[in-house]
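Coordinates in review
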Amino acid sequence: FYSNLKWLESLVINMKFSSSVSSSARKQRYSHFNAPSHIRRKLMSAHLSKELKQKHSVRAMPIRKGDEVTVVRGGSKGANGKVITVYRKRFCIHIER
C-alpha cells in the first residue's frame, strides 16, 4: 500500500496544470520570443502600486502609452516617468526623462 501512495504522491507533484501549455523550457522560450503582438501585450504587464491594486482589485495590468511608471530593475532603477512608447517587438518601453 505504501509504494502505491508514493507513486500517487509523485503524480500530484509533477502534474501539469494546463495540457495546452508545454512544460519544456525550450518550447517556453520559443513561444515567448515568437509570440504575436496581442499576446506580447499581456506578457508586458507591470505590477501596480498599492493604491491602484486596491482600486482595481488586480495585481498587474498591461503597460500602455501614457502610464506613469517607476523603474525597479536595471541601470535606471528608481527613475519615474511617463511611458512614451511600448515597443512590443523588442519587449521594451520608452520613458520620458
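Heads up: these notes are all about the structure in this document. (Residues numbered from 1 in each chain as written. Predicted model: local features only at pLDDT ≥ 70, side-chain atom pairs only at ≥ 80, totals over all residues. Heavy atoms only, no water.)

Some words on the layout of surface pockets
- Estimates place the volume of the largest pocket at around 880 Å³.
- In this structure, the largest pocket is lined by 26 residues; those nearest its centre are A46, H47, I63, E68 and V69.
- Residue assignment for the lining of the largest pocket shows that the elements contributing at least two residues are helix 3 (37–43), strand 1 (45–47), helix 4 (50–56), strand 2 (60–62), strand 3 (68–70) and strand 5 (92–95).
- Taken together, the residues of the lining of the largest pocket break down into 15 nonpolar, five polar and six charged. (1 Å grid on protein atoms, 1.4 Å probe; cavity = no way out; pocket = protein on both sides within 12 Å on 5 of 7 lines; lining within 4 Å. Points joined across faces, edges and corners; volume = space filled by probe spheres on them. Helix = DSSP H or I, 4+ residues; strand = E, 2+ residues; numbered from the N terminus. Nonpolar A, V, L, I, M, F, W, Y, C, P; charged D, E, K, R; others polar.)

Remarks on unusual backbone geometry
- The residue S57 is not glycine, and still its phi comes out positive at about 60°.
- Along the chain, the position of S57 falls in the loop between helix 4 and strand 2.
- For S57, a relative accessible area of 62% corresponds to the exposed category.
- The backbone phi angle of F91 is positive, close to 55°, even though this residue is not glycine.
- Assignment of secondary structure puts F91 in the loop between strand 4 (80–87) and strand 5. (Buried < 20%, exposed > 50% of the residue type's maximum accessible area, 1.4 Å probe, protein only.)

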